[in-house]
Amino acid sequence: MPHTVEKIGGTSMDRIDELRDTLIVGDRKPEDLYGRVFVVSAFGGITNLLLEHKKTGEPGAYAAFASDDNDHGWHDRLDRVAQAMTAAHARVLDNPADIERADAFVHDRMLGARNCLIDLQRLCSYGHFRLSQNMGQTRELLAGLGESHSAFVTSLMLQRAGVNARFVDLSGWCDEGDLSLDERITGAMEGVDVTTEMPIVTGYAQCAEGLMGEFDRGYSEVTFSRLAALTGAREAIIHKEFHLSSADPNLVGANAVKKLGRTNYDVADQLSNLGMEAIHPKAAKTLRQADVPLRVTNAFEPADPGTLIDDQPAETAAVEIVTGLDLFALEVFEQDMVGVKGYDSAILEVLTRHNVRIVSKVSNANTITHYVDTSMKVLRRVERDLAKLYPSADISSRAIAMAAVIGRDLSGLSVLTRGLQSIAAAGLEAIGATQGPRHVDVQFILERDALKPAIAALHGALVEENNPKLARVA
């Protein structure tokens, strides 16, 4: 049976009992339940408690353990994780026996993790061992607890509903083997019959490569894509809480946006570059190379086919998405730069050393400007390092925003000209604009407070005006 590999994200996992009755089971006949492999994230907020809050940086159990001056901080945070996990599965399980089994699962995993960290602290109290050398493995250990819990709970819930669900734990819990990611996945899936079973797979996979070292919080999509590629999936599907649409409906109006329906991996890459990931770029690369198409759906509208992402070009030129994000412009001006090589590579080395994400850049004879996604604190460190390299250069940074118009084929649409006109007509000013020769995106640089109205103006001019139905609705 040609099968699909499907991923459910953390916020959707909080409503997994609803998805059981619609997306997963619904009105399907028993024979139609199978041929689907589900990869699950941790319940919403659990990974933040295990590691650190993704947006605010508030320390979780890992961050507390890494900087603990006493023995109480990380213990307390592990207790918070256990309480949050227990509350999460109590909301979605309705059978007392299942809740009891889930409680025991949480207790067992938390006890094991706590003992492991205590042993690690004790070991590193000796001079021959350094805690810093083991923090990567510690982060992986803690991260895997969230997905193991959610996958176990989901399999319990589905088994109670009559589904032959199978808990597939890739977290390497109590496993002495040192397996690669491919070995971990193929070993766990060996003996699984997708025609008669529904595997519920952890989004985290322990492996020799160390997923978090390269992908950090994007590891679940890497596991998902590799699983789809290795098992020869007919299609990979990501279930989100919304459709992949032409803009944020909160900015342009729910009646003004349109579902994409179809796009390609090139557009997905541009979205990733702007922090609006349809899928992690490395995961997209895996699917593209394996010739596995990706579908992005709204988990709570299971009858809607969503948006198909493959490697096919557009049949006609069209603007597909208008989006944007807040950035900083890092500018290096050096009068003697003209005709001299090496400035660009040196700046890139400093940015890379400080782990600064570059979204775009422009340059002229004596100025190089990078548009970067980072914090002001990190940017100040970058400026200090660059000042040491180029003491006579004028180095500055400022808060800006970037609005981007994206599509598989923008040729012949005069997006740059029409975009600038729409921004001006809205009473705004673009302080920069860039269009590449491949006709897949056009970028507009704006003041921070102009981003949201600029997105609305661009969407109105480039999407709604080209779609009479949408224009009438709006």
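Residues numbered from 1 in each chain as written. Predicted model: local features only at pLDDT ≥ 70, side-chain atom pairs only at ≥ 80, totals over all residues. Heavy atoms only, no water.

Draft legend 1. Expanded view of the overall build of the chain. Broken down by element type, the chain carries 18 helices and 14 strands. At 24 Å, the chain has a C-alpha radius of gyration in line with the 23 Å of a compact globule built from 474 residues. If one aligns the C-alpha atoms of the chain with their principal axes, the spans along those axes are about 70 × 65 × 35 Å. Expressed as a percentage of its 474 residues, the buried residues of the chain come to 51%. Restricting to contacts in the chain with at least 6 residues of sequence separation, those with at least 24 account for 76%. (Helix = DSSP H or I, 4+ residues; strand = E, 2+ residues; numbered from the N terminus. Rg over C-alpha atoms; globule rule 2.2 N^0.38 Å. Buried < 20%, exposed > 50% of the residue type's maximum accessible area, 1.4 Å probe, protein only. Contact = heavy atoms within 4.5 Å.)

Draft legend 2. Helix H2 (residues 16-24), seen in detail. Residues Ile16, Leu19, Arg20, Leu23 and Ile24 constitute the buried set of H2. Buried residues in H2, looked at end-on, bunch into an arc of 120 degrees, giving them a common side. After H2 finishes, the residue Gly26 shows a positive phi value of roughly 55 degrees. (Arc of directions from axis to C-beta.)

Draft legend 3. Quick look at the state of the cysteines. As enumerated under the stated definition, the model contains zero disulfides in all. Cys124 forms no disulfide, and the closest cysteine sulfur to it belongs to Cys116, at a distance of 11 Å. On the basis of relative accessibility, which here comes to 17%, the residue Cys124 falls in the buried class. Cysteine Cys207 remains unbridged, with the sulfur of Cys116 as its closest cysteine sulfur at 17 Å. (Disulfide = S-S within 2.5 Å.)

Draft legend 4. Geometry of the sheet that holds strand E10 (residues 357-363). Taken in spatial order, the six strands make up an open sheet running E10-E11-E9-E12-E14-E13, and their pairing is antiparallel. Single-partner strands in this sheet number two, and they are E10 and strand E13 (432-435). Geometrically, the sheet is characterised by an average inter-axis angle of 30 degrees between neighbouring strands, direction not taken into account. In terms of strand pairing, strand E9 (residues 321-333) meets strand E11 (residues 367-373) through six bridges, oriented antiparallel. Bridge pairing links Phe328 to Val372 in E11. (Pairing = 2+ DSSP bridges. Axes fitted to C-alpha atoms, helices over the stretch in contact; angles between N-to-C directions.)

Draft legend 5. The arrangement of the packing of helix H12 (residues 265-273) against helix H13 (residues 281-289) in detail. Direction vectors running N to C along H12 and H13 enclose 170 degrees, while the axes themselves pass 10 Å from each other. If you check the angle between H12 and H13, you find them roughly antiparallel. Across the interface between the two elements, Tyr265, Asp269 and Ser272 from H12 touch Pro281, Ala284, Leu287 and Arg288 from H13. Considered class by class, the residues forming the contact of H12 with H13 number four nonpolar, one polar and two charged. (Parallel < 35°, antiparallel > 145°, perpendicular 65-115°, else oblique. Nonpolar A, V, L, I, M, F, W, Y, C, P; charged D, E, K, R; others polar.)

Draft legend 6. Representation of the confidence of the model for the chain in the model. Within the chain, residue pLDDT values average 91, and 97% of them lie at 70 or more. Below pLDDT 50 for its whole length, residues 468-474 participates in nine contacts with residues either more than four positions away or in separate chains. (pLDDT = per-residue confidence, 0-100.)

Draft legend 7. Structural detail: the sheet that holds strand E6 (residues 262-264). A sheet is described by the order of its strands in space; here eight strands give the open sequence E3-E4-E2-E1-E5-E7-E8-E6, paired in mixed fashion. On the outer flanks of this sheet lie strand E3 (165-168) and E6, each paired with one strand and no other. When the angles between neighbouring strand axes are averaged without regard to direction, this sheet yields 25 degrees. As judged from the three bridges shared by E6 and strand E8 (residues 307-310), these two strands associate in the parallel manner. Following the sheet pairing, Asn264 is matched in E8 by Asp310.

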